[in-house]
Amino acid sequence: ALQRATPAFPALEGRHPCFSTTSEGHAAAARLHLPVSPGCNIDCSFCKRDFNRSDQRPGVATRLLSPEDAEAVVERALELCPSLAVVGIAGPGDPLATDHALDTFARIRARWPRLTLCLSTNGLMLPSRIEEIAAVGIETLTVTVNAVDPEIQATITPKIAWQRRRLDGRAAAERLIGNQLEGIALAAALGLTIKVNTVLIPTVNEDHIGDVAAEVAAAGARMINIIPLIPQHRFANLPAPSLMRRYVARAEAERHLRVFHDCQRCRADACGVPGLSDYTAALYGDDLLAE
Ligand code: CLF
Ligand code: SF4
């Protein structure tokens, strides 16, 4: 409690719900997610993407938006949601696997320069796209790093697409981890504020969280968010982590990094303050559902 009383990022406290470390700061600013990124370049065992209006989890959106549609959604969100301060792109696929996300960010920066731009990625393309990311004005970056040991990573993400080829197993894991850590270091050198998301997966990486936190901290990440697994897809038969396991994992992570405590495992089209307000249904009225 004492540690959370001091803002981790004074410049972002109350201006970004996921980079605020006090409850007041978290509640003061809203974010909008734009589901503009259709495809992914890796294959996580827990990932199930879908389009529907009901599931409250990552990878799900009402529908895919084009970059042009996304501008109309920002306009409407600014009317509906007075504390909107952050526009994030976090799916439904990986925002760096296609060009839609950076194109969308460029449009938003041109029209609404005061909105903070927030990118969430698996990090595979981070080293090769970091110059574009910085040039478009992205301020906050989240990289999902689930393991820094290739043996563990290979069970979480057994294959990736890299330079028009498929990599499997250990080769895939080494490439992904290497790119994530290199990408974090490059982003830190360019002045971005970096959070790492780590999915806590019982029997797979639950004893590995301290190692992940130590390595990403050394690379330049400033905060970590431990996200309990939603058992689905190839991990459908694993349990969700217990409260005790979550507590232990956060304590392990806290030895190396500030821990974010207010994550709500948002949809790819979320709008509002995570956990406190939700404008998504109002945002996607029937006219916006029409293609
Ligand atoms: Fe979105 Fe993520 Fe940016 Fe926040 S969400 S891209 S950092 S603006 Fe936040 Fe939602 Fe948790 Fe993500 S509560 S799932 S951590
Ligand atoms: Fe799904 Fe994200 Fe993993 Fe891609 S990187 S498979 S979108 S969880």
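Heads up: these notes are all about the structure in this document. What you are looking at is a predicted structure, and each value in this text was computed from that prediction instead of being measured.

1. With respect to the pairing of strand β4 (residues 84–89)
Thinking step 1. Among the 6 residues of β4, 6 are classified as buried, and the element is accordingly described as predominantly covered.
Thinking step 2. Here strand β1 (residues 30–33) pairs with β4 via 4 bridges, running parallel. The residue of β4 that forms the bridge with histidine 33 is glycine 88.
Thinking step 3. Summarising the sheet, β4 and strand β5 (residues 116–121) pair through 4 bridges and their orientation is parallel. Among the inter-strand pairings, glycine 88 is bridged to a residue of β5, identified as cysteine 118.

2. Thoughts on the nonpolar core
Thinking step 1. Of all hydrophobic cores here, the largest spans 55 residues; its most connected members are Leu32, Leu34, Ile133, Ile138, Ile184 and Val216.
Thinking step 2. Per-element tally for this core: the top contributor is helix α7 (residues 209–219), with 5 residues.
Thinking step 3. Once residues lying within four places of it in the same chain are set aside, the contact partners of isoleucine 184 are Leu126, Val143, Val145, Ile194, Val196, Val216, Ala219, Gly220 and Ala221.
Thinking step 4. Membership of the second largest hydrophobic core comes to 18 residues, among which are Cys44, Leu124, Trp162 and Ile201.

3. So, the site of ligand 2
Thinking step 1. Near ligand 2 the following residues occur: Cys40, Ile42, Cys44, Phe46, Cys47, Arg49, Pro92, Gly93 and Asn122.
Thinking step 2. Here the shell around ligand 2 is built from residues that sort into 6 nonpolar, 2 polar and 1 charged.

4. Observations regarding the sheet that holds β4
Thinking step 1. As summarised here, the arrangement of the 8 strands in space is β11-β10-β9-β6-β5-β4-β1-β12, forming an open sheet in which the pairing is mixed. Edge positions in the open sheet fall to β11 (258–259) and β12 (271–272), since each of these has one partner strand only.
Thinking step 2. Its contacts with the sheet put helix α2 (residues 67–80) on β1, β4 and β12, and the angle it makes with β1 is roughly 155°.
Thinking step 3. Strand contacts of helix α8 (residues 243–254): β9 (193–200), β10 (223–228) and β11, with the helix running at about 165° to β10, the strand carrying the most contacts.

5. As for the packing of helix α6 (residues 169–189) against α7
Thinking step 1. Two elements in contact, α6 and α7, have axes separated by 8 Å at closest approach and are oriented at 40°. As the angle between them shows, α6 and α7 are arranged oblique. Along its contact with α6, which presents Leu181, Ile184, Ala185 and Ala188, the element α7 presents Glu215, Val216 and Ala219.
Thinking step 2. Class assignment for the residues of the contact of α6 with α7 results in 6 nonpolar, no polar and 1 charged.

6. Re the packing of helix α3 (residues 100–111) against helix α4 (residues 126–136)
Thinking step 1. As a packed pair, α3 and α4 sit with axes 9 Å apart at the nearest point and diverge in direction by 20°. In this view, α3 runs roughly parallel relative to α4, as classed from their interaxial angle. The chirality of how α3 crosses α4 is left-handed. Two secondary-structure elements touch here, α3 through Leu102, Phe105, Ala106 and Arg109 and α4 through Arg129, Glu132, Ile133 and Val136.

7. Observations regarding the layout of surface pockets
Thinking step 1. Approximately 260 Å³ is the volume found for the largest pocket.
Thinking step 2. Lining the largest pocket are 19 residues; nearest its centre among them are Gln56, Arg267, Ala270, Asp278 and Thr280.
Thinking step 3. Of the residues in the lining of the largest pocket, the class split is 7 nonpolar, 6 polar and 6 charged.

8. Concerning the site of ligand 1
Thinking step 1. The immediate surroundings of ligand 1 are formed by 16 residues, with Cys18, His33, Cys118, Cys263 and Cys266 found nearest.
Thinking step 2. Across the shell around ligand 1, the residue classes break down as 7 nonpolar, 6 polar and 3 charged.

What counts, and where the lines are drawn
- Starting afresh in each chain, residues are numbered from 1 along the sequence in its written order.
- As a convention, the first chain written is A and the first ligand written is 1, with the rest following in written order.
- Local features in this predicted model are restricted to residues whose pLDDT is 70 or higher, and side-chain atom pairs enter the listing and the counts only when it is 80 or higher, whereas totals over whole chains, interfaces and linings include all residues.
- Calculated side-chain values reflect all of the structure's heavy atoms, with hydrogen atoms and water omitted.
- When a residue's accessible area, from a 1.4 Å probe over protein chains only, is under 20% of the maximum for its type it is buried; when over 50% it is exposed; and in between it is partly exposed.
- The helix and strand labels rest on DSSP assignments: H or I over at least four residues marks a helix, E over at least two residues marks a strand, and numbering proceeds from the N terminus.
- Strands are treated as partners if at least two bridges between them are detected by DSSP.
- Here, nonpolar core refers to any group of buried Ala, Val, Leu, Ile, Met, Phe, Trp, Tyr and Cys residues whose side-chain atoms link them within 4.5 Å.
- Residue contacts follow a heavy-atom distance rule, with two residues in contact if any of their heavy atoms lie within 4.5 Å.
- Proximity is defined per residue: if any heavy atom of the residue lies within 4 Å of a molecule or strand, that residue is considered near it.
- Note on residue categories: nonpolar means Ala, Val, Leu, Ile, Met, Phe, Trp, Tyr, Cys or Pro, charged means Asp, Glu, Lys or Arg, and polar means any other residue, Gly included.
- Helix axes are fitted only over the stretch in contact, all axes being lines through C-alpha atoms; the angle between N-to-C directions runs from 0 to 180 degrees.
- Just so you know how the angles are binned, under 35 degrees is roughly parallel, over 145 roughly antiparallel, 65 to 115 roughly perpendicular, and the rest oblique.
- Two helices that cross are described as forming a left-handed crossing if the nearer one is turned anticlockwise from the farther one by less than a right angle, and a right-handed crossing if clockwise.
- Here a cavity is any set of points on a 1 Å grid over the protein atoms alone where a 1.4 Å probe fits but cannot get out, and a pocket is any open set with protein on both sides within 12 Å along at least 5 of 7 lines; a residue lines the site when it has an atom within 4 Å of a point.
- Grid points are joined across faces, edges and corners, and a volume is the space filled by probe spheres set on the points.

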